[in-house]
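Listed here are the chains, written in short residue letters.
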Amino acid sequence: MAPWPPKLKTPSAILIFPKQACVHRQFGGCEETFAQVCTLVSDHISSATGCHVDQSNVAVAVSALDFDPSLNRGGDRREAQAVSASFAPFTSEDWEDPRTLCQLCLAQLCRSLDELCARRADGSLLLMSASLFPQQLADQLLHKMASEGILNDKSVGIFREHEELRLSRVCVRRCTLSAEAFRWAVCPHRLHELDASWLAGDIGGAAIISGLASNLKCRSSLQKLSLNGLRLDWASLGRDGVGALAGLRTLDLAGTDLTDAVLQDVCALPGLENLDISRTAVTNLTALLGCRKTLRSLVGHGLCRLDTSAASLLSVLGQLDAVRHLDFSADHLTAEDGGRTDEDFLAGLVRARPKVLPSLVSLDVSGRKRISEAAVVALLEARKDLIFLGLLSTGVSSCAVLSLQKNLKVTGEANEKQLSEALRRYTDRECFSREALFHLYHLTTDSHKPQPQMLELVLRSMRSHPACLHVHLLATACVFNLITQDRAKAMSPRLLGATVAQLLRSMKTFDRHTQVQKNCLLALSSNYILQDVPFDTYLAATLAMKWLSGHEDPTLQRTAVAVFSVLVAKLPTADVAKLGEDVVLMKLLAIVQQRAMFGVVDSTLKFALRALWNLTDEVPPAARNFVECGGLELYEEVLESYNECSIQQKVLGLLNNIAEVEELQSALMQGDLLEHIVSLLQDDQIEMGVRYFAEGESGSEQMFWIPHSKSPLRRGPDWRKKCFVTGPSVRFAASFGRVNRRVCSCGPRGPSILSSLRTVSSVSPDDPTSAFLVRLVSSSSSSSSGARVKSKRKYLGRGRPSVPANLSHRPFLAASSSQLRRTA
């Protein structure tokens, strides 16, 4: 079966299966069965791609599709709506299951977007062959483009064709779009939800609202709008302001420049049910009375400028009879807010029940330090209908009464269950993410059970705060705890791949921060992750070497060299050639020289030698750079200074790589260097691996020959007689010419140990190199045998170098515990 997804030429061919699944009733009516639909889809895929598709795979894909009930032209509409509801966009990916065909095709479409599109005059993209996409599939395509980081003014142009690509639920969070591109590509659609939180570019909240209001359909259809972190610039709006979007049910204005006057307009929305005014400059909540009959959820986290007493606050809240969720948590990392007594607020809720907030089932007071256990006990006794209570950073989350509430979810730091709930609920709140990660690090330090769900929550926090140093410092330390030792083997490779990708993003973002770099490298220094988990090995090797080139920290240097040496062995030759530059080689040679000066034998030296060996393997430019950087002179000193077999093997292995490059073979003809090699051949105590590399490379594709003169050996009638080999297991390579070993008379494995030595007698006696070769052959021929040897890679296992256990140090944090928790 051909690999999927194939490289397709049109987006309609890539996505033809969801289209057919959505409109299959048009082909055969309501009596079509699921099996018939799968057959239809597989036939269309086969005709579009030219490759056979297993129908069972199609069945899985059809079962996982999101499709629009509006395309159902016949049959039971309730059935279509039920199926559509069951395929709602997921927030947590199932890492154990393979990706659906739909997800694979969306990814392929994103990768091939430039090839599938033409360009308009303004540079934006236009799909050359755009068929009618199902609405939810168009939403998923935009979300996929945003998550892959390719959604911008140019690529968003494909959604200008709002008749073919119809958007309903749009998420452009943290993307970069201009006001003009947003107006042309997003605003013409009949939207139900829009998440524009932290949208970058020359666009503010006012431009978004005015653009949406310009579409009459959006005025009534838009139900959810998130402008978290944007500047509203409310003065530039018209008279209607946000009131033009009369259909809004949920509005998120957290972190905006919201004022009391603007809040008055917001609360005038006729159907407003959920309102988030966290981290704004609001000072008075009286405006909330304008929506007291409809408001069900009020989030007011970190209202530092709120100027009201506990009694005044309760008087306003007492009129919000419909509120079921109330969030009045505080940012515990900032200064105390307004001098209000938190104890009085909770006591008022207890005393005033059921007059104040009679429908309340969810309360969040996290971050408020002046709450006692007695107040929590009284609250739970008075309000037995509570299903959620936020107590993170209050100091009372370990209250014994909480463990007795079976149906109550709590955020706190007492146990892993409370911390996981905190990470799940407070993804966008930096202060609570830092607090939860801090306690999670200490809680998982001595834990040995796999926790993939917790790892996913940590990754979500890292993605939500891409530029927050404190979050990434704590999160990378938690990642190390969660995947160290054997815990990673019990997790999905896809989840581990996403983890490594996030670690690499952290290394790129905080490339000057030692602690983050160390935590990431320690997390990567696992044999299982480096060998079996799919990720961008070239990027990882580049980042490891980038840090190594600019810093001298011994611990981090050891880890970085270890990771780099393993990754280089996995890279294809083209990528290795990019890494074999002068800067990389010079740094590795400097590490070798530092150790050689003092005769140090440690893991850093061995990994540096292995990295140099792999960098020059079948990469002539890297081998040339090695010679030009003085590597041969340094390696001669290493051979002279070290008697350890593991060191000698790596040194001689690299010299064999140099010998494979024809133009560099003359550089090896140095008397001192050859004398060291002869001494290794003559020493019977040296193990076979060292003698193997000292004599040459029997497992390479090329076989070297000794010419009669300095000109390359010409293949003639007697060329087979020139073949020679020395030593108990291998032959020595030293020449300017070479012949493919597959045509050797001794067979594809090269010459045997008892091959003829006639070449030696034909060498000119006046040539000093010839004299050395005669000595070499005579010293080795006495111990020759008929054995054959394995290839270099198989013999030493170079394909899978491992990281030693002593690299698994604990990650360290930048500051003390109190500083990490308190520093703003």
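Nothing here was measured: the structure is a model prediction, and the numbers come from that model.

S.K.: Could you clarify how one ought to interpret the overall build of the protein in this entry?
M.R.: When helices and strands are counted, the protein shows 37 helices and 14 strands. Counting only residues that meet the buried cut, the protein has 55% of its 824 residues in that class. Long-range pairs, those at least 24 residues apart, make up 73% of the contacts in the protein with a sequence separation of at least 6. Accessible surface, the protein: about 35,100 Å² in total, of which carbon and sulfur atoms supply 51%.

S.K.: Explain the packing of aromatic side chains here, please?
M.R.: Two aromatic rings, taken as a pair, are described by how far apart their centres are and by the angle between their planes. Evaluated as defined, the whole model comprises two aromatic pairs. Aromatic side chains tyrosine 426 and phenylalanine 432 sit 4.8 Å apart centroid to centroid with 50 degrees between the ring planes, which places their arrangement in the tilted category. Residue class for tyrosine 426 comes out buried when judged on its relative accessible area of 3%. When its relative accessible area of 1% is taken as the criterion, phenylalanine 432 is described as buried. Taking the centre distance of 5.0 Å and the plane angle of 80 degrees together, the rings of phenylalanine 626 and tyrosine 635 count as edge-to-face. When sorted by exposure, phenylalanine 626 lands in the same class as tyrosine 635, which is buried.

S.K.: Can you walk me through the nonpolar core in this structure?
M.R.: Across soluble globular proteins, you tend to see nonpolar side chains buried next to one another. In terms of nonpolar packing, the biggest core is built from 109 residues, with Leu437, Val458, Ile483, Phe564, Leu588 and Leu615 touching the most fellow members. If you tally residues by element for this core, the top one is helix α20 (residues 469-483), at ten residues. Once residues within four sequence positions are removed from consideration, leucine 437 is found in contact with Leu423, Val458, Ser461, Val471, Leu474, Ala475 and Cys478. Core analysis: the next-biggest nonpolar cluster, separate from the first, contains 104 residues, Met145, Cys218, Leu227 and Trp234 among them.

S.K.: Please explain the environment of arginine 487 as it appears in this structure.
M.R.: Mapping arginine 487 onto the fold places it in the loop between α20 and α21 (493-509). When the C-alpha atoms of arginine 487 and proline 450 are compared, they prove to be 4.9 Å apart, with 37 residues separating the residues in sequence. Each residue touching arginine 487, except ones within four places of it in the same chain, is listed here: Thr444, Ser447, His448, Lys449, Pro450, Asn481 and Leu482.

S.K.: For this particular structure, what's the right way to read the packing of α20 against helix α22 (residues 514-524)?
M.R.: The description of two helices packed together rests on the angle between their axes and the distance between the axes. At a minimum axis distance of 9 Å, the contact between α20 and α22 shows a crossing angle of 20 degrees. For the element pair α20 / α22, the angle class is roughly parallel. Note that α20 runs across α22; the crossing there is left-handed. Contact residues: Leu469, Leu473, Thr476, Ala477, Val479, Phe480 and Ile483 in α20; Gln515, Val516, Asn519, Cys520, Leu522 and Ala523 in α22. Across the contact of α20 with α22, the residue classes break down as ten nonpolar, three polar and no charged.

S.K.: Mind showing me how you'd approach unusual backbone geometry here?
M.R.: A negative phi angle characterises most non-glycine residues, just as the trans form characterises most peptide bonds. Phi at arginine 174 takes a positive value of approximately 60 degrees, unusual for a residue other than glycine. Relative to the helices and strands, arginine 174 resides in the loop between β3 (169-171) and α10 (179-185). In this structure, tryptophan 198 is a non-glycine residue whose phi angle is positive, near 55 degrees. Inspection of the secondary structure assignment puts tryptophan 198 in the loop between β4 (193-195) and α11 (205-213). Note on tryptophan 198: relative accessible area 22%, which makes it partly exposed.

S.K.: Explain the sheet that holds strand β11 (residues 388-390) to me, please; I cannot follow it from the model alone.
M.R.: Backbone-to-backbone hydrogen bonds join strands into a sheet, with any given pair of strands oriented parallel or antiparallel. On the basis of which strands lie adjacent, the open sheet formed by ten strands has the order β3-β4-β5-β6-β7-β8-β9-β10-β11-β12 and parallel pairing. The open sheet terminates on both sides in strands that have one partner only, identified here as β3 and β12 (409-411). Ignoring which end each strand starts from, the neighbouring axes of this sheet average 5 degrees apart. Note that strand β6 (residues 250-252) and strand β7 (residues 274-276) share three bridges and pair parallel. Paired with leucine 251 across the strands is leucine 275, a residue of β7.

S.K.: What is the right way to read the environment of alanine 596 from this model?
M.R.: The residue alanine 596 is located in helix α27 (residues 582-598) in this model. On the accessibility criterion, alanine 596 (16% relative accessible area) is buried. Here the alpha-carbon distance between alanine 596 and tyrosine 642, two residues 46 residues apart in the chain, equals 8.4 Å. Leave out the neighbours within four places in its chain, and alanine 596 touches Val638 and Tyr642.

S.K.: Help me understand the pattern of salt bridges, please; the structure alone is not making it clear to me.
M.R.: Think of it this way: side chains of opposite charge can pair up when their charged atoms draw near. Using the criterion set out here, one finds 18 salt bridges in the structure. Close ionic contact of aspartate 257 with arginine 231 constitutes a salt bridge, the shortest N to O distance being 3.8 Å. A residue pair is termed long-range when its members are at least 10 positions apart, and aspartate 257 in the loop between β6 and α13 (260-266) and arginine 231 in the loop between β5 (224-226) and β6 qualify at 26 residues. The exposure class of aspartate 257 is partly exposed, given its relative accessible area of 32%. Given the relative accessible area of 59%, arginine 231 is considered exposed. Here aspartate 602 ties to arginine 595 by a salt bridge, and the two come within 3.3 Å at their closest N and O atoms. Of the residues examined, aspartate 602 reaches a relative accessible area of 24% and is grouped as partly exposed. Arginine 595 sits in the buried class, given a relative accessible area of 12%. Members of the salt-bridge network, linked through shared partners, are Arg173, Asp195 and Asp428.

S.K.: What should I look at first to understand α27 in this one?
M.R.: An α-helix turns once per 3.6 residues; consequently, residues spaced three or four apart project the same way. An ideal rise of 1.5 Å per residue puts 24 Å on 17 residues; α27 measures up with 25 Å between its terminal C-alpha atoms. Taken together, the buried positions of α27 are occupied by Val584, Leu585, Lys587, Leu588, Leu589, Ile591, Val592, Arg595 and Ala596. Lining the buried residues of α27 we find α24 (537-550), α25 (554-570), α26 (573-579), α28 (603-615), α29 (620-628) and α30 (631-641). Immediately beyond the C-terminal end of α27, within one or two residues, lies glycine 599, with a positive phi of roughly 65 degrees.

The rules behind each value
- Residues numbered from 1 in each chain as written.
- Predicted model: local features only at pLDDT ≥ 70, side-chain atom pairs only at ≥ 80, totals over all residues.
- Heavy atoms only, no water.
- Helix = DSSP H or I, 4+ residues; strand = E, 2+ residues; numbered from the N terminus.
- Buried < 20%, exposed > 50% of the residue type's maximum accessible area, 1.4 Å probe, protein only.
- Contact = heavy atoms within 4.5 Å.
- Areas by Shrake-Rupley, 256 points an atom, 1.4 Å probe, with all protein chains shown as cover.
- Phe/Tyr/Trp six-rings, centres within 6.5 Å; stacked < 30°, edge-to-face > 60°.
- Core = buried A, V, L, I, M, F, W, Y, C linked by side-chain atoms within 4.5 Å.
- Axes fitted to C-alpha atoms, helices over the stretch in contact; angles between N-to-C directions.
- Parallel < 35°, antiparallel > 145°, perpendicular 65-115°, else oblique.
- Left-handed = near helix turned anticlockwise from the far one by under 90°.
- Nonpolar A, V, L, I, M, F, W, Y, C, P; charged D, E, K, R; others polar.
- Pairing = 2+ DSSP bridges.
- Salt bridge = Lys/Arg side-chain N within 4 Å of Asp/Glu carboxyl O.
- Expected span 1.5 Å × (residues − 1).

In short, the description is geometric, and any link to function would need to be established separately.
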